[in-house]
Amino acid sequence: MTSPDNTKVAYKTCPLCEATCGLEITLDGEKILKVRGDKDDVFSKGYFCPKGGSIDLLHNDPDRLRTPLLRKNGKLEPATWQEAFEAVEKGLLPLMEAHGRDAVGVYLGNPNSHTLAGNMFMRPMLKALGSRNIFTASTVDQIVKHVSCGLMFGGPVTVPVPDIERTNYLLILGANPFESNGSVCTAPGFPERLRQLKKRGAKLVVADPKRTRTAEIADEHIFIRPGGDAPWLMAIVNVLFAEGLADPKHLAEHINGLDELRTLAEPFTPEHVADWCGIDAATTRRIAAELAGAPSSAVYGRMGTSTQLFGSAATWLVDVVNILTGHFDRPGGNMFPAPAHLPPKPKAGGKGWSMYRWNSPLTGAREVLGEFPIASLAASIESDAPGAVKALITCAGNPSLTCPNSSRLDKAIASLDFLVCIDFYLNETARHADVVLPPTGPLSTSHYDIVFYSFAVHNIANYSPPLLPKPADEMDKWEVLLKMALILGGQGTGADHFALEEMLIRGAVDQAIAAKGSPLAGKSADELLAQLSGNPGQDRLLDLMLRTGAYGDWFGLNPDGLNLDKLKAAPHGIDLGHLRPMVPQVLRTPSAKIELAPEQLAADAGRMLEHLDKAHPPTVLIGRRHLRSNNSWMHNIEPLIKGGDRCTLQVHPADAERLGLSGGGKARISSRVGSIQLPVEISDTLMPGVVSAPHGWGHDLDGAKLSVAATNPGVNTNVLTDDELLDTVSGNCVLNGIPVEIRPA
Ligand SMILES: Nc1nc2c(c(=O)[nH]1)N[C@H]1C(S)=C(S)[C@@H](COP(=O)(O)OP(=O)(O)OC[C@H]3O[C@@H](n4cnc5c(=O)[nH]c(N)nc54)[C@H](O)[C@@H]3O)O[C@H]1N2
Ligand SMILES: Nc1nc2c(c(=O)[nH]1)N[C@H]1C(S)=C(S)[C@@H](COP(=O)(O)OP(=O)(O)OC[C@H]3O[C@@H](n4cnc5c(=O)[nH]c(N)nc54)[C@H](O)[C@@H]3O)O[C@H]1N2
Ligand code: SF4
Ligand SMILES: [Mo]
């Protein structure tokens with residue numbers, strides 16, 4: 001839309017966090033005049049946050065890399081794409097030849113899931129590489145959810161989310177959407193949605209070791225000891241059975257394992273877990289009765305329940321409780337989204353999902369979801385054994401700051417024979433790189449939230465075209481990934497990535513035609529290819545997914561259905577309706593039922609029971625997010641770091657007294673693996689015995705190029721997190737509940 005004064009308004013879904021807010025961006029030519037929330041966005045309705053509001057500053061940040069960097073005489077210097085790709089080939093292929101493909105490891109960071117390219121074109125690169133040393137940010141985050149959903153529902157991304165738009169009762173464990181705007185539960189304007197939930201008379205309960213801003217507005221805040229969620233939820237299960245409240249109602253015929261679960265929960269009486277969890281038995285009994293008795297209820301857990309000693313069990317038990325109360329898969333309970341890019345699910349049953357398919361010969365770590373725990377990367381690099389990681393490719397990640405025992409990991413990364421970083425910042429990890437490959441900026445690429453619409457509390461589709469033209473000498477991320485695929489596959493730096501894209505999309509079309517029961521059976525691939533909308537790369541593939549998805553137009557067979565052109569004509573998005581009941585057809589377990597007590601998870605109940613007999617450490621560290629941070633990577637945007645030091649250690653007044661700390665002073669915090677100093681902030685929002693500090697800081701390392709972040713660097717708290725503390729089922733790291741010793745510095 002261009003106005004008389006030559007300004008233009010364009011719309012873009014914000015790609016920075018999981019909330020998928022619509023942004024309204026006013027431009028004069030290529031100059032951005034204003035960024036604000038799009039009031040007409042069908043999902044976010046005008047909501048946005050300071051990070052989204054700074055997307056122009058991110059795009060225009062002079063530190064954001066526009067050309068590849070290549071290490072010459074020990075220094076990273078600008079290079080052409082051809083030079084950079086030749087260096088990648090020369091650096092990696094001889095290592096792969098001499099030591100095998102596992103010698104090249106990969107670390108994939110969080111923003112990959114926020115890009116079309118990261119979702120669509122990573123696989124060809126990984127396939128061409130053929131290494132088993134794959135690591136991702138999932139094991140400092142949500143892999144527990146994939147494990148529990150894989151085992152219970154048969155698919156690792158068959159993930160139910162709380163229907164917060166309609167629920168009568170919401171119990172939040174270990175999530176703080178007032179800062180994070182929600183995770184594995186896409187709900188733009190999450191804080192406003194919680195206010196609305198209360199306004200319509202629903203009850204909000206938050207269990208968190210900190211009285212967060214989310215807890216502050218809740219009807220009830222329950223302090224829970226870090227790591228206490230799994231035993232506490234098991235006690236709720238115990239009460240539901242003991243009081244005859246465990247009644248899955250409409251799901252009864254779609255469930256296996258009810259009796260096993262009853263037996264498992266028997267020892268976990270509210271009295272038995274009370275001390276360890278820090279929650280008295282009467283509260284546990286009352287919450288159990290409220291969850292079962294409400295007309296609808298939903299339990300939602302996130303980072304706090306995931307990145308702890310019993311992360312998988314806690315995540316599993318969240319859904320167990322949701323199912324036992326009889327509210328699951330019904331409006332107001334936890335429900336499965338039906339995203340537009342996935343094919344319809346006509347019938348229950350399938351192969352199920354398996355993990356532990358192979359082990360690392362280097363560390364003994366077990367495969368889950370095709371990867372090993374990031375906590376084992378340092379050891380995999382340090383190892384002398386055959387198959388040790390000698391080179392690494394990172395894409396959209398910063399493990400030197402974001403992963404546990406980061407001093408050790410950073411040292412290991414520095415010792416690599418070769419490091420390639422696909423990233424548009426020279427971050428604390430990339431400072432060790434031999435080659436940095438920067439994809440084009442966030443406003444020069446198209447966007448559609450494949451991952452986050454799969455976790456959305458409302459079925460939504462929204463596409464954003466590139467807002468600004470991609471400069472001729474820049475490469476889109478999909479191009480970089482396919483170029484890498486060609487190089488790793490031995491085709492050379494001259495091989496044409498457009499030809500590879502053509503081959504991949506043709507393969508996808510062939511597959512859509514050949515799929516069992518496909519309405520496209522008998523169609524010509526050439527004809528379908530010719531009908532696809534958009535430029536080569538991610539857009540045509542998206543069009544194919546939409547057309548053959550749950551709401552698709554099936555190339556005209558369902559003329560009212562969805563395709564990319566229709567989304568292009570709807571810049572504020574398309575509302576596909578409330579979440580709908582999806583059981584049983586969504587289930588992919590061999591039994592075609594929900595497995596309430598999968599063996600691998602049930603087995604962890606014993607470990608939990610033993611743990612209840614142990615004394616809790618006197619002081620444990622938990623994490624803390626802030627609305628204006630985004631893990632490690634947006635501290636270079638000035639308005640986002642203004643306003644004083646946020647990288648502080650928050651301590652309860654009673655602990656401050658016990659430890660001899662005073663507000664404004666400094667504390668030395670030590671864990672098994674490291675030691676740092678942080679300014680102390682006294683805060684009665686914490687449970688006594690629990691201290692809190694944010695992650696993602698520590699921008700004072702030599703060689704990074706983050707000039708604004710360096711002015712207010714903060715301290716890297718992952719120096720303290722322990723790479724030997726894991727949720728043993730999934731290999732997820734413990735980032736909450738780290739035993740620490742603290743004294744005045
Ligand atoms: N102690 C502690 N540690 C934590 C956490 C915690 O709660 N406590 N949280 C954990 C969680 S949940 C996560 S997800 C991880 C995140 O950890 P990581 O994924 O390792 O790190 P990020 O800070 O997200 O770094 C993102 C990098 O991606 C780059 N980037 C952004 N967009 C793009 C893009 O489109 N393409 C490419 N190629 N690069 C891009 C940025 O420039 C930045 O350098 O941190 C984890 N670490
Ligand atoms: N502004 C901002 N937004 C973000 C991010 C960011 O860095 N900044 N990161 C994004 C990413 S990658 C993610 S994964 C999401 C995370 O989204 P959330 O999970 O909502 O975010 P956190 O702030 O980590 O919330 C974890 C909560 O768990 C509590 N907690 C700690 N230990 C325990 C425990 O043992 N039990 C219980 N019940 N609670 C516990 C903490 O006090 C905290 O309030 O946020 C996303 N959004
Ligand atoms: S809440 Fe997330 S999606 Fe919304 S504007 Fe902020 S960063 Fe972007
Ligand atoms: Mo995350």
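Residues numbered from 1 in each chain as written. Chains lettered and ligands numbered in written order. Predicted model: local features only at pLDDT ≥ 70, side-chain atom pairs only at ≥ 80, totals over all residues. Heavy atoms only, no water.

## Regarding the packing of aromatic side chains
In total, this model carries 11 aromatic pairs according to the counting rule given. Consider the rings of Phe135 and Phe372, whose centres lie 6.4 Å apart with planes at 55°: the pair is tilted. Taken as a pair, Phe135 in strand β7 (residues 134–136) and Phe372 in the loop between β14 (334–335) and α15 (377–382) lie far apart in primary sequence, 237 residues in all. Judged by its relative accessible area of 0%, Phe135 falls in the buried class. (Phe/Tyr/Trp six-rings, centres within 6.5 Å; stacked < 30°, edge-to-face > 60°. Helix = DSSP H or I, 4+ residues; strand = E, 2+ residues; numbered from the N terminus. Buried < 20%, exposed > 50% of the residue type's maximum accessible area, 1.4 Å probe, protein only.)

## Let's talk about the sheet that holds strand β1 (residues 7–13)
Note on sheets: strands pair through backbone hydrogen bonds, and any given pair is parallel or antiparallel. Judged by pairing direction, the sheet is antiparallel, and its 3 strands sit side by side in the order β1-β2-β3 without closing on themselves. Both edges of this open sheet fall to β1 and β3 (31–37), since each of them pairs with a single strand only. Mean inter-strand twist for the sheet, computed between neighbouring axes without regard to direction, equals 25°. Where β1 meets strand β2 (residues 22–28), 7 bridges bridge the pair, whose relative direction is antiparallel. In the sheet register, Ala10 faces β2, and the bridge partner there is Ile25. (Pairing = 2+ DSSP bridges. Axes fitted to C-alpha atoms, helices over the stretch in contact; angles between N-to-C directions.)

## Here's the deal with the site of ligand 1
Within the structure, ligand 1 sits among 29 residues, and Tyr107, Asn110, Thr402, Asp423 and Ser632 are positioned closest to it. One of the backbone nitrogen or oxygen atoms of Asn398 is found 2.9 Å away from an oxygen atom of ligand 1. Between ligand 1 and Thr402, the relevant distance is 2.7 Å, taken from a nitrogen atom to a main-chain nitrogen or oxygen of the residue. About the coverage of ligand 1: the protein hides 95% of its 920 Å² of free accessible area. In the shell around ligand 1, the residues fall into 14 nonpolar, 11 polar and 4 charged. (Near = heavy atom within 4 Å. Polar contact = N/O pair within 3.5 Å; in protein donor to acceptor, adjacent residues only side chain to side chain. Areas by Shrake-Rupley, 256 points an atom, 1.4 Å probe, with all protein chains shown as cover. Nonpolar A, V, L, I, M, F, W, Y, C, P; charged D, E, K, R; others polar.)

## Brief notes about the side chain of Ser138
Counting through the fold element by element, Ser138 comes out in the loop between β7 and α5 (143–153). Exposure remark for Ser138: the relative accessible area of 13% places this residue in the buried category. Ignoring sequence-local partners within four residues, the contact set of Ser138 consists of Ile143, Glu371 and Asn732. (Contact = heavy atoms within 4.5 Å.)

## Describing the packing of helix α20 (residues 497–514) against helix α22 (residues 538–547)
At a minimum axis distance of 10 Å, the contact between α20 and α22 shows a crossing angle of 0°. The angle between α20 and α22 places the two elements in the roughly parallel class. Contacts from Glu501, Glu502, Ile505, Ala508 and Val509 of α20 reach α22 at Arg540, Leu541 and Leu544. When the residues that make up the contact of α20 with α22 are grouped by side-chain class, the tally is 5 nonpolar, no polar and 3 charged. (Parallel < 35°, antiparallel > 145°, perpendicular 65-115°, else oblique.)

## Regarding the site of ligand 2
The immediate surroundings of ligand 2 are formed by 31 residues, with Ser180, Asp208, Gly227, Asp229 and Ser629 found nearest. In this structure, an oxygen atom belonging to ligand 2 sits 2.7 Å away from a side-chain N or O atom of Arg625. In isolation ligand 2 exposes 920 Å². Once the protein is present, 97% of that is buried. Among the elements of the structure, α6 (177–180) and α13 (303–306) are those that each provide at least two residues to the shell around ligand 2. Within the shell around ligand 2, the residues separate by chemical class into 9 nonpolar, 14 polar and 8 charged.

## Brief notes about the sheet that holds strand β4 (residues 69–72)
Reading across from one edge, β5-β4-β17-β16-β15-β6-β7 is the order of the 7 strands in this open sheet, with mixed pairing throughout. With one partner strand each, in any of the chains shown, β5 (75–78) and β7 form the two edges of the open sheet. For this sheet, the mean inter-axis angle between neighbouring strands, taken without regard to orientation, is 20°. Two strands pair when backbone bridges link them, and β4 and strand β17 (residues 435–437) are joined in this way by 2 bridges, in the antiparallel orientation. Within β17, the position partnered with Leu70 by the bridge is Val435.

## Remarks on the side chain of Ser131
With respect to the helices and strands, Ser131 occurs in the loop between α4 (122–129) and β7. Under the relative-accessibility criterion, Ser131 is labelled buried at 9%. At a separation of 2.8 Å, a polar atom in the side chain of Ser131 contacts the main-chain carbonyl oxygen of Val104. Once residues within four sequence positions are removed from consideration, Ser131 is found in contact with Arg101, Asp102, Val104, Gly105 and Leu126.

## Remarks on helix α17 (residues 406–414)
Every buried residue of α17 is listed here: Ser406, Leu409, Asp410, Ala412 and Ile413. Taken around the axis of α17, the buried residues stretch over an arc of 160°, which confines them to a single face. (Arc of directions from axis to C-beta.)

## Some details on unusual backbone geometry
With an omega dihedral of 10°, the bond running from Val583 to Pro584 counts as a cis peptide bond. Tracing the sequence through the fold places Pro584 in the loop between β19 (574–578) and β20 (594–595). Of note in this structure, Trp554 is not a glycine but carries a positive phi near 45°. You can see Trp554 is positioned in the loop between α22 and α23 (564–568).

## Observations concerning the environment of Asp61
By the secondary structure assignment, Asp61 is in the loop between α1 (55–60) and β4. In sequence terms Asp61 and Gly441 are 380 residues apart; their C-alpha atoms lie 9.8 Å from each other. The residues contacting Asp61, other than those within four sequence positions of it, are Arg66, Tyr425, Asn636 and Ile637.

## A look at the pairing of β2
β2 sits mainly inside the fold: 6 of its 7 residues count as buried. When β2 meets β3, the two strands line up antiparallel, connected through 6 bridges. Paired with Leu23 across the bridge in β3 is Gly37.

## What about the environment of Ala605?
Positionally, Ala605 belongs in helix α25 (residues 604–612). With relative accessibility at 6%, the residue Ala605 sits in the buried group. Along the sequence, Ala605 and Ala230 sit 375 residues apart, while their C-alpha atoms lie 8.9 Å from each other. Among all residues touching Ala605, those that are not within four sequence positions of it are Met234, Leu264 and Phe268.

## A word on the nonpolar core
Note on soluble globular proteins: their nonpolar side chains tend to be buried together. Leu92, Trp232, Trp316, Ile393, Leu437, Tyr448 and Met484 are the most contacted members of the largest nonpolar core, which totals 168 residues. When residues in this core are grouped by element, the largest group, 10 residues, is from helix α9 (residues 229–242). If we skip the residues at most four places from it in the chain, Trp316 touches Ser148, Met152, Met234, Leu261, Leu264, Leu596, Ala597, Pro598, Leu601 and Ala602. Ranked by size, the runner-up nonpolar core spans 30 residues in total, among them Met303, Ala375, Val389 and Cys403. (Core = buried A, V, L, I, M, F, W, Y, C linked by side-chain atoms within 4.5 Å.)

Geometric descriptors of this kind do not, in isolation, establish any biological role.
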